[in-house]
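Examination of the molecular architecture
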Amino acid sequence: MTSAALSLEQAPPLSVPLRFFLTAPLFGMAAAAMLLLAGPDVLLSRWSPATLALTHLFVLGVLTMVMCGALFQMLPVLVGAHVRRPRLWGGICHGLLAGGTAALAAAFLTTAPLAFRCALMLLGGGLALFVVVLGGGLLRAPRVHDSVRGMRWAAGGLAVTVGLGLALTLGHAWASLPILRVPLTDLHLSWGLLGWVALLITVVSWQVIPMFQMTPEYPRWLRRWMPAAIFALLAWFSLSAAVTWPGSSLPLAGLAAACAGYAVWTLVLLAQRRRTIGDVNLWFWRLGMAALIAAALFALAGRFGLPPAASRLALAPALLFLAGFALSVVNGMLYKIVPFLVWLHLQQRIGEHPAARGQVAPPNMRAVIREPRARAQWWLHAAGLTLLLAGLAAPVLLRPAAVVWFASFALLGYNLFTAARLYRSEAARIAACG
Amino acid sequence: MITDFMTGEHRHCDQLFALAESAANDDHLDGARSAYAEFEAALLGHLDMEEQVLFPAFEARTGMNGGPTAVMRMEHEQMRAVLGQMQRALAGGSMDDFLGLAETLNVLIQQHNMKEEHMLYPMTDRALAGEAGAIIERMRAL
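Let us look at the structure shown here. (Residues numbered from 1 in each chain as written. Chains lettered and ligands numbered in written order. Predicted model: local features only at pLDDT ≥ 70, side-chain atom pairs only at ≥ 80, totals over all residues. Heavy atoms only, no water.)

Topic: the overall build of chain A
Threshold: Counting from the N terminus, the helices are the DSSP runs of H or I reaching at least four residues and the strands are the DSSP runs of E reaching at least two. The reference for a compact globule is 2.2 Å times residues^0.38; the radius of gyration itself is calculated from the C-alpha atoms. The buried label applies to any residue whose accessible area, calculated with a 1.4 Å probe on protein chains only, is under 20% of its type's maximum; exposed applies above 50%, and partly exposed to all values in between. Only heavy atoms enter the contact rule, under which two residues are in contact if any of them lie within 4.5 Å. Accessible areas in this description were obtained via Shrake-Rupley with a 1.4 Å probe; residue shielding takes into account the shown protein chains only. Counting rule applied: Lys, Arg positive; Asp, Glu negative; His and chain ends not counted. Charged groups are reduced to one reference atom each: NZ for lysine, CZ for arginine, CG for aspartic acid, CD for glutamic acid.
When its secondary structure is counted, chain A shows 14 helices and 0 strands. Seen in sequence order, chain A has helices and strands lined up from the N terminus as α-α-α-α-α-α-α-α-α-α-α-α-α-α. For 434 residues, the compact-globule estimate of 2.2 N^0.38 gives 22 Å, and the C-alpha radius of gyration of chain A, at 21 Å, lies within 12% of that figure. Dimensions of chain A along its principal axes, counting C-alpha atoms only, are 70 × 45 × 45 Å. Going through the 434 residues of chain A one by one, you find that 57% of them count as buried. Within chain A, residue pairs in contact and separated by at least 24 positions form 79% of the contacts whose partners lie at least 6 positions apart. For chain A, the accessible area works out to roughly 16800 Å², and carbon and sulfur atoms hold 72% of it. Charged side chains of chain A number 31 positive and 9 negative; the gap between the two group centres comes to 2 Å.

Overview of the overall build of chain B
Helix and strand content of chain B: 5 helices and 0 strands. When the elements of chain B are put in sequence order from the N terminus, they spell out α-α-α-α-α. Relative to the globule expectation of 14 Å for 142 residues, the C-alpha radius of gyration of chain B, 16 Å, shows essentially globular dimensions. Considered along the principal axes of its C-alpha atoms, chain B spans approximately 50 × 25 × 20 Å. For chain B, the residues scored as buried account for 61% of the 142 residues in total. Residue pairs at least 24 apart in sequence account for 78% of intrachain contacts in chain B once pairs closer than 6 positions are excluded. Accessible area of chain B: about 5500 Å², with a carbon and sulfur share of 52%. Each charge sign in chain B was given a centre, from 10 positive and 23 negative side chains, and these centres are 8 Å apart.

Description of unusual backbone geometry
Not every positive phi belongs to a glycine, and A:Met214 is a case in point at roughly 55°. The topology assignment puts A:Met214 in the loop between helix H7 (181-213) and helix H8 (220-242). The backbone phi angle of B:Asp27 is positive, close to 60°, even though this residue is not glycine. Residue placement: B:Asp27 occurs in the loop between helix H1 (2-25) and helix H2 (29-62).

Re a nonpolar patch on the surface
Definition in use: Patch definition: residues with relative accessible area over 30% and no salt bridge; like charges joined within 9 Å; nonpolar side chains (Val, Leu, Ile, Met, Phe, Trp, Tyr) joined within 5 Å. Definition used for salt bridges: Asp or Glu carboxyl oxygen within 4 Å of a side-chain nitrogen of Lys or Arg.
On the surface, A:Leu88, A:Trp89 and A:Ile92 cluster together to form a nonpolar patch covering roughly 230 Å² of accessible area. Mapped onto the elements, A:Trp89 comes out in helix H4 (residues 86-110).

Overview of the pattern of salt bridges
Applying the stated criterion across every chain yields a total of 17 salt bridges over all chains. For the salt bridge of A:Lys336 with A:Asp279, the shortest nitrogen-to-oxygen distance reads 2.9 Å. Residue A:Lys336 is found in helix H11 (residues 316-352), and its partner A:Asp279 is found in the loop between helix H9 (250-271) and helix H10 (280-303); the two are separated by 57 residues along the sequence. The residue B:Glu117 makes a salt bridge to B:Arg11 at a minimum N-O spacing of 3.1 Å. One end of the pair, B:Glu117, is in helix H4 (residues 95-127); the other, B:Arg11, is in helix H1, with 106 residues separating them in the sequence. Residue classification places B:Glu117 among the buried residues on the basis of a relative accessible area of 16%.

Focus: the environment of A:Val144
All names here are of chain A. Of note, Val144 is situated in the loop between helix H5 (113-140) and helix H6 (146-173). Residue class for Val144 comes out partly exposed when judged on its relative accessible area of 37%. When residues no more than four places from it in sequence are discounted, the contact partners of Val144 are Arg149 and Arg152.

Some remarks on the packing of aromatic side chains
Residues and elements named next belong to chain A. In plain terms, the rule: Here a Phe, Tyr or Trp ring, Trp counted by its six-membered ring, pairs with any other such ring whose centre lies within 6.5 Å, and the pair is stacked when the planes are under 30 degrees apart, edge-to-face when over 60, and tilted otherwise.
Counted under the stated rule, the structure contains 18 aromatic pairs over all chains. Taken together, a centroid distance of 5.8 Å and an interplanar angle of 25° make the contact between Phe20 and Phe72 stacked. Remark: Phe72 occurs in helix H3 (residues 49-79) and Phe20 occurs in helix H2 (residues 15-38); sequence separation between them is 52 residues. The same class applies to Phe20 and to Phe72, which are both buried. Where Phe108 meets Phe116, the ring centres are 5.6 Å apart and the plane angle is 85°; that geometry is what we call edge-to-face. Taken together, the aromatic side chains of Phe20, Phe72, Phe130 and Trp196 make up a single cluster linked through ring pairs.

Details of helix H3 (residues 68-91) of chain B
Stated formally: A helix's residues, less one, multiplied by 1.5 Å, set its expected span.
Between its terminal C-alpha atoms H3(B) stretches 35 Å, which fits the 34 Å expected from 24 residues at 1.5 Å a residue. Looking one or two residues past H3(B), B:Gly93 carries a phi angle of roughly 70°, positive in sign.

What to know about the interface of chain B and chain A
How big an interface is tends to be expressed through the accessible area that disappears when the partners come together. Put simply, the rule is: Buried area counts how much accessible surface, traced with a 1.4 Å probe, disappears from two parts once they are put together, with both parts' losses summed. Under the rule applied, a polar contact is a pair of N or O atoms within 3.5 Å (in protein, one hydrogen donor and one hydrogen acceptor; residues adjacent in sequence only if both atoms are side-chain atoms).
In this complex, chain B contributes 37 residues to the contact, which on the side of chain A involves 33 residues. Counting the surface lost from both chain B and chain A, the interface buries some 3300 Å², and carbon and sulfur atoms represent 66% of this. Run the count over chain B and chain A and you get 3 salt bridges. With its nearest N and O atoms 3.0 Å apart, the salt bridge here joins B:Glu103 to A:Arg275. Between chain B and chain A we count 6 residue pairs in polar contact (both at pLDDT 80 or more) in total. When contributions to the side of chain B that touches chain A are tallied by element, the ones reaching two or more residues are H1, H3 and H4 of chain B.

Quick word on the side chain of B:Glu116
Residues and elements named next belong to chain B. By the secondary structure assignment, Glu116 is in helix H4. Arg11 provides the closest opposite charge to the buried, unpaired Glu116, separated from it by 8.8 Å. Side-chain polar atoms of Glu116 contact the side chain of Tyr121, separated by 2.6 Å. Setting aside its immediate chain neighbours within four residues, Glu116 contacts His10, His46, Glu50, Phe55, Met72, His76, Tyr121 and Pro122.

Written as structure tokens, this is what we have:
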């Protein structure tokens with residue numbers, strides 16, 4: 001009972017999630033700058049050093065960065081699990097993740113074993129710490145409902161991804177170690193994209209889509225079985241990478257069908273929403289779901305040799321998944337989470353300074369980040385995605401795509417930064433009331 | 001049982017909220033005022049049910065006065081503060097302020113509801129197992 005009581009308390013300090021959120025656009029800008037500098041060569045194949053550096057800047061520096069910050073924030077509300085000493089663990093986790101991501105990108109570009117060893121220690125430490133914090137919170141959840149169950153599967157997916165990633169890094173750091181790079185990379189990629197990113201997003205969406213858009217709930221059977229089914233299909237897929245037998249396309253087809261089915265279901269729910277206001281969060285979700293359907297179709301077509309594995313277009317499913325699906329959803333969520341947290345923490349400050357009551361009212365969510373500026377960033381994001389995909393067919397478009405992505409991350413960073421600055425100035429105003 | 005009843009109350013308030021917000025979004029001032037009044041009455045009535053019937057019964061049974069119910073009461077106060085601001089925005093005809101406040105209130109309510117539906121209501125169902133029917137009757141009678 002005591003832990004349940006504790007976990008109903010409100011949020012951890014604002015600085016805990018905010019440091020993750022404000023760092024993410026910087027890594028996005030770094031990834032875009034790298035695409036701009038390297039130009040069309042960068043996406044020639046998934047094995048080129050620049051492609052690997054860029055992918056990890058994006059997946060760790062942007063996506064995982066925001067997801068970690070959001071989970072430190074949302075774990076108490078979403079699963080009722082209290083995170084102990086959030087400022088300490090959040091700070092360490094953030095520092096290690098940021099440093100490790102930079103080290104890993106440098107390592108791919110220089111191929112220096114020392115850089116890989118740095119990345120290994122920093123990222124290994126930061127992500128292991130995060131898995132322990134997340135896993136511990138999920139195990140202590142006072143009541144196990146579908147979201148807790150689903151997030152446990154996602155935490156398992158993250159653990160497998162990190163384990164495989166560390167094994168691959170070991171092979172770079174000490175060349176004498178026998179690491180089966182090609183099959184392990186395939187597994188690392190599949191577990192990272194589906195076992196961690198897709199699972200976490202779907203589980204969070206069961207809660208936030210009905211809440212924020214006032215849609216009907218996702219069906220019970222989907223919430224109950226989808227995470228376990230994806231996990232099982234991934235395990236099957238992993239086995240079929242080791243042993244070839246007829247029908248080894250089946251798990252891939254199953255995973256693609258699960259992703260596309262989930263995305264279609266989400267679009268149908270969104271079409272039934274009771275709120276008639278089309279906010280930017282809704283635009284990001286719709287774009288994300290459309291991209292996920294396209295990613296699934298491309299992945300299936302790729303299995304039948306369309307397009308040929310050697311062509312740049314073979315990267316289409318991964319790009320659609322990461323920049324189209326995952327980034328859209330994560331980006332859209334930031335426009336809900338950050339303005340609300342600024343409002344909530346200012347409200348709490350007013351509670352601590354009774355003299356400010358009646359004198360200062362915290363700015364509402366739309367005054368924290370103005371909707372037109374968020375919409376402008378959505379347009380940059382959508383244009384960047386379109387150019388990037390077109391760039392796979394016409395590589396001359398990749399540099400313009402990089403410029404647009406850079407602008408999109410810069411505007412996202414600016415929008416979040418102005419929210420943080422507003423918090424500071426309003427908090428100072430409240431404190432000045434005595 | 002309490003969980004089901006109270007969750008139904010939450011969805012009912014959501015529905016009324018969406019109507020008020022839609023009217024404001026369509027710049028329909030009179031429609032927004034009447035829909036808002038209906039929403040506000042339903043929400044305040046729901047908060048009263050909890051503060052006057054459910055929480056005291058739970059606190060008396062478990063002896064937990066400073067725990068989860070105290071946090072819920074504090075969030076209720078935050079909701080009332082936003083409701084007051086929304087009312088002033090409507091009175092002044094400022095739809096932008098009203099919609100910004102509505103967005104804020106919705107997130108505040110939804111994260112609050114999630115904590116109640118997932119944690120507090122199941123706790124009350126366990127603590128007040130024998131008297132759920134009577135408690136629901138008393139809440140209805142308010």
